[in-house]
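Inside the fold
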Amino acid sequence: MTPPLITPITRRSLLQRTAAGFGYLALQSLLARQQAHAVEENPLAPKAPPFAAKAKRVVFIFMKGGPSHVDTFDPKPLLQRDDGKPYPFKQPRVQFAETGKLLKSPWSFQQYGQSGLPVSELFPHVAQHVDDLCIVRSLHGTNPAHGGACLKLHTGSDTQVRPSMGSWVLYGLGSENENLPGFLTICPTLAHGGVNNWGAAFLPAYCQGTPIGNASIPSDKAMVRHIHNVSISSAVQRKQLDFLAKVNREQLALIGPDLALEGRINSFELAYRMQSTMPEAQDVNSESEATKQLYGMDQPVTANFGRQCIMARRFLERGVRFVQVTHSDGEVQWDQHSALYKGHTKNAAEVDKPIAGFLTDLKSRGLLEDTLVLWGGEFGRTPTAQGGDGRDHNPHGFTMWMAGGGVKPGIAYGATDDYGYFAQEDKVHIHDLHATILHLLGLNHEKLTYRYAGRDFRLTDVEGRVVKEIIA
């Protein structure tokens, strides 16, 4: 005779059936309070940082592929002198590919501003803002491949799926505009980590970055997917959302707090509000002709990236907490393994004037003081040649710069060796960069944690130090 099937019951069902349901009654009371707090409170509401912040928001101008530091912001006289000679020191044990002899920079450097900091002729417009820049010449990472290096820069890990930098910032501080996402990424690359570079991983769903187009779409065509609903009216959508929220809350009453479901409820509501606010925020046509020219939108070479930078400023002034602007294309933009002169000349021409215009605009509007601007790629390039006239990946020593947001202006911090291969003086690891960014936002990188899979995670993992020497 076949034994009867035993249907397992949940712990909630057990509490319902025993002791006249008194245990379940108590449980429901506790869950109701948690649920009301989780659902009714706006998770994106701005939060006060634990200590005084110097920056309120961040914009990351990402140069996908790895610009060469020795050709942009880190001049090396010995590299010019010893062109064609072997690199005189020991090269890294693990290299992305084999390289040859030393290759001098084809561009000259000139000192600018009161600080007298040298900048390559590749960036004549950005050079005019050198007194606002904090140039960090001693960055170093761990991964010589684009995928790992991009993930390390964006998430702090090159081996595991972890929350992105923007997601951690949003989790710690919330946003100042409830009608726009708190973390936006404009024309991001879908390669080398793709969505993981702006993903929330195990953080709450509302911390996820929202992409506007991608690197293969011109910025004037880029938009948030499904931002327009041509099928039904706004009034009908509102009724649908109200009914859906009612059903979801009934589900929460049965199962208790559920971060995924609560995240969906909030995302539906945000998506509804974005239908009217996002198109207006993206509409750069309302900008004056003088502003458009400032960003280079009147010139074909700079129009695409100029539009991205104007959008970034519009989002920042509307309270978006973290904005990323990516310069990339289908050929990994700054990745010149050969044809360095041709490639870097083209790339710099596309971004130099828009970035300079962006800095000018932020400053004139009083936004630069409390906006942290970060510029750079996932790594630098080798001082040794590859492909005859190119440079290979170099995570061992490279340059990024910051502006505004409480960093010291008009300084160069740290140094690579005499040829630009290794970070040597006042070294700054990627974890240190992340710790410093969080510190400028009033967040302690060791205490901004999230419990997941039995341990507390943070952006800097178990490392990182705040580079206090570059803080004003």
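Look above for the structure.
Residues numbered from 1 in each chain as written. Predicted model: local features only at pLDDT ≥ 70, side-chain atom pairs only at ≥ 80, totals over all residues. Heavy atoms only, no water.

Comments concerning the packing of aromatic side chains
What counts, and what does not: Between rings of Phe, Tyr and Trp, where Trp is taken as its six-membered ring, a pair exists when centres lie within 6.5 Å; planes separated by under 30 degrees are stacked, by over 60 edge-to-face, and by other angles tilted. Strands are runs of DSSP state E lasting at least 2 residues, helices are runs of H or I lasting at least 4, and numbering of each runs from the N terminus. Buried residues are those whose accessible area, probed at 1.4 Å on protein chains only, stays under 20% of the maximum for their type, while exposed residues exceed 50% and partly exposed ones sit between those limits. Here, a charge over a ring means that NZ of Lys or CZ of Arg falls within 6 Å of the ring centre while also lying within 35 degrees of the ring normal.
Inspection of every chain in the model, using the stated rule, returns 18 aromatic pairs. Plain terms: the ring middles of F202 and F457 are 4.9 Å apart, the flat faces sit at 45° to each other, and that makes the pair tilted. Taken together, the positions of F202 in the loop between strand 5 (183-186) and strand 6 (210-212) and F457 in strand 17 (residues 455-457) put the pair 255 residues apart, joining distant regions of the chain. The class for F202 is buried, based on a relative accessible area of 11%. Ring geometry for W375 versus W401: centroids 5.9 Å apart, planes at 5°, classification stacked. Taken together, the residues W375 in strand 8 (residues 371-376) and W401 in strand 11 (residues 398-403) connect sequence positions 26 residues apart. Summarising the burial analysis for this pair, W375 and W401 share the class buried. What links up through ring pairs into an aromatic cluster is the set W168, Y171, F202, Y450, Y452 and F457. In this arrangement the basic side chain of R455 is found over the ring face of F457, its NZ or CZ atom lying 4.0 Å from the centre.

Structural notes on the pattern of salt bridges
For side chains of opposite charge, pairing can occur when their charged atoms come near one another. Stated formally: Here a salt bridge means any side-chain nitrogen of Lys or Arg lying within 4 Å of a carboxyl oxygen belonging to Asp or Glu.
Under the criterion given, the structure shown has 25 salt bridges. D74 serves as the salt-bridge partner of K76, at 3.7 Å between the closest nitrogen and oxygen. Assessed through its relative accessible area of 11%, K76 is described here as buried. Here K346 ties to E350 by a salt bridge, and the two come within 2.8 Å at their closest N and O atoms. Of this pair, K346 and E350 both sit in helix 10 (residues 340-364), 4 residues apart, which is roughly one turn of the helix. Accessibility expressed as a relative area gives 17% for E350, which makes it buried. When salt bridges with common partners are traced through the structure, they connect E280, E287, R313, R314, E317, R318, D361 and R365 into a single cluster.

Any functional reading would require information beyond the geometric quantities listed.
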